[in-house]
Amino acid sequence: PNFTVTPANTTLCAGADPVGIKLKISDGRSMTYSWNPTDGIQEITGDSVLANPSTTTFYQIVGVDSLGCSTTRQARVTIDPGPNVTIAAGDTNVCEGSAVTLTANGFGFGITYEWSTGETTCTINFTSSGADTVWVKASSNAGCSRTVSQVINTVKKPVADMTYTQYDDSFNFYNASMNAAGGVE
């Protein structure tokens, strides 16, 4: 018996929809098929299979005709997890109104970036207004992507509320921003 596997070698992005693998009989014989391993096989319908393994998998397909003759073919499904990306930040605690430089470090060729701010460069300057989470999505040439995030904390500028009392040539200063418990408000 003779059959072909289409596609014999394909790549899926991690978490993508399954790929359809079709077996085509080239000599007209009726065949039954077995798949090994069965990991990631979601549906078998006649000579078609939906495969979505969690890791790169080499499938061995054995076709047996009505005479008991067999033929073996292979199919490979490669899982692309997307680019490995990290965010480098000079400091994640910034003073109110100050900017922090964030750099997406992606490993691989042809990586594009999309930040939660809408910017598409690998480095951005971000001004935080509170506890903000900034994310960047890195995409590969194959269209696979991975998203990472970084929390930026804004430290409010201190406000001093000082009073004073004048005694002739001297002054006594008091911190009016102290609360009843002795802490600063």
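The structure under discussion appears in the preceding block.
Residues numbered from 1 in each chain as written. Predicted model: local features only at pLDDT ≥ 70, side-chain atom pairs only at ≥ 80, totals over all residues. Heavy atoms only, no water.

A. Quick peek at the packing of aromatic side chains. Considering all chains together, one arrives at three aromatic pairs under this definition. The interplanar angle of 75° and the centroid separation of 5.8 Å between the aromatic rings of Trp-35 and Tyr-59 together place this pair among those described as edge-to-face. In this pair, Trp-35 is assigned in strand β4 (residues 31–36) and Tyr-59 in strand β7 (residues 57–65), connecting sequence segments 24 residues apart. With respect to burial, Trp-35 and Tyr-59 carry one shared label: buried. It is Arg-73 that lies over the ring of Phe-3; its NZ or CZ is 5.5 Å from the centre. (Phe/Tyr/Trp six-rings, centres within 6.5 Å; stacked < 30°, edge-to-face > 60°. Helix = DSSP H or I, 4+ residues; strand = E, 2+ residues; numbered from the N terminus. Buried < 20%, exposed > 50% of the residue type's maximum accessible area, 1.4 Å probe, protein only. Lys NZ or Arg CZ within 6 Å of the ring centre and 35° of its normal.)

B. Highlighting the sheet that holds β4. The sheet built from four strands is open, its strands ordered β2-β8-β7-β4 with mixed pairing. Lying at the two open borders of the sheet, with one neighbouring strand each, are β2 (9–13) and β4. Pairwise comparison of adjacent strand axes, ignoring direction, gives a mean angle of 25° for this sheet. (Pairing = 2+ DSSP bridges. Axes fitted to C-alpha atoms, helices over the stretch in contact; angles between N-to-C directions.)

C. Structural view of the sheet that holds strand β5 (residues 41–45). The four strands lie next to each other as β1-β3-β6-β5, forming an open sheet whose pairing is antiparallel. At either end of the open sheet lies a strand with only one pairing partner, and these are β1 (3–6) and β5. For this sheet, the mean inter-axis angle between neighbouring strands, taken without regard to orientation, is 15°. Two strands pair when backbone bridges link them, and β5 and strand β6 (residues 48–51) are joined in this way by four bridges, in the antiparallel orientation. Note that in β6 the partner of Thr-45 across the bridge is Ser-48.

D. A look at the state of the cysteines. All told, the structure shown has one disulfide when counted by the stated rule. Between the sulfur of Cys-13 and that of Cys-144 lies a disulfide, 2.0 Å long from S to S. Judged by the sign of its S-S torsion, about -85°, the bond between Cys-13 and Cys-144 is left-handed. Of this pair, Cys-13 sits in strand β2 while Cys-144 sits in the loop between β14 (132–139) and β15 (145–155), placing them 131 residues apart in sequence. Its relative accessible area of 1% is what places Cys-144 among the buried residues. (Disulfide = S-S within 2.5 Å.)

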